[in-house]
Amino acid sequence: QVQLVESGGGLVQPGGSLRLSCAASGIIFSINAMGWYRQDPGKQRELVAVLTGSGSTNYADSVKGRFTISKGNAKNTVSLQMNSLKPEYTAVYYCNAVVRLGVGESVRSFWGQGTQVTVSS
């Protein structure tokens, strides 16, 4: 089974920065994409940023110019650098990965347990 573990969340003041990391483990043949989503209680989970296996990126309009998604230093990891944080960015941030588990197998999507990000003074 593929496991995704997020880290780096916490409490930060408005205008501050945080860096989230996600590590994927298990039998993974290839990764089509890894990304970050966020969700507050009572709200739908929404896309924040995605990094594809080819290196392309996609961001939610609300975070463009503030957040940067990139490949992590370790194998099968991704990071999200969050700058100029605003209170409305407060949410649980979830890592998502779309992967192939083996040759000839279809792609599958996996989710991490989430990490809390709170932006407050």
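Look up a bit, the structure's there.
Reading guide: rules and limits
Residues numbered from 1 in each chain as written. Predicted model: local features only at pLDDT ≥ 70, side-chain atom pairs only at ≥ 80, totals over all residues. Heavy atoms only, no water. Disulfide = S-S within 2.5 Å. Helix = DSSP H or I, 4+ residues; strand = E, 2+ residues; numbered from the N terminus. Buried < 20%, exposed > 50% of the residue type's maximum accessible area, 1.4 Å probe, protein only. Pairing = 2+ DSSP bridges. Axes fitted to C-alpha atoms, helices over the stretch in contact; angles between N-to-C directions. Phe/Tyr/Trp six-rings, centres within 6.5 Å; stacked < 30°, edge-to-face > 60°. Lys NZ or Arg CZ within 6 Å of the ring centre and 35° of its normal.

Overall, the coordinates contain 1 disulfide when judged by the stated rule. Each disulfide pairs two cysteine sulfurs, and for Cys 22 the partner residue is Cys 95, the sulfurs being separated by 2.0 Å. Across the S-S bond of Cys 22 and Cys 95 the torsion is about -85 degrees, and the bridge reads as left-handed. Of this pair, Cys 22 sits in strand β3 (residues 18-25) while Cys 95 sits in strand β9 (residues 91-100), placing them 73 residues apart in sequence. Cys 95 carries the same exposure label as Cys 22, and that label is buried.

Right, let's get into the sheet that holds β3. Strand pairs in the sheet, formed through backbone hydrogen bonds, run parallel or antiparallel to each other. One open sheet holds the 4 strands; their spatial order is β1-β3-β8-β7, and the pairing between them is antiparallel. Of all the strands in the sheet, the pair left with one neighbour each is β1 (3-7) and β7 (67-71). Shown here is a sheet whose adjacent strand axes are inclined to one another by a mean of 15 degrees, direction ignored. Here 5 bridges tie β1 to β3, and the two strands are oriented antiparallel to one another. Paired with Gln 3 across the strands is Ser 25, a residue of β3.

It is worth spelling out the packing of aromatic side chains at this point. What characterises a pair of aromatic rings is the spacing of the ring centres plus the angle enclosed by the ring planes. Per the counting criterion, the structure on display carries 2 aromatic pairs. Seen in terms of ring centroids, Phe 67 and Tyr 89 are 5.2 Å apart; in terms of plane orientation they differ by 65 degrees. Their pairing is edge-to-face. Here Tyr 89 lies in the loop between β8 (77-82) and β9 and Phe 67 lies in strand β7, a separation of 22 residues in the sequence. Of the two residues, Phe 67 and Tyr 89, neither departs from the other in class, the shared state being buried. Positioned above the aromatic ring of Tyr 94 is the side chain of Arg 45, whose terminal nitrogen or guanidinium carbon lies 3.7 Å from the ring centre. Here Arg 45 stacks its cationic end above the ring of Trp 111, 4.6 Å away from the centre of that ring.

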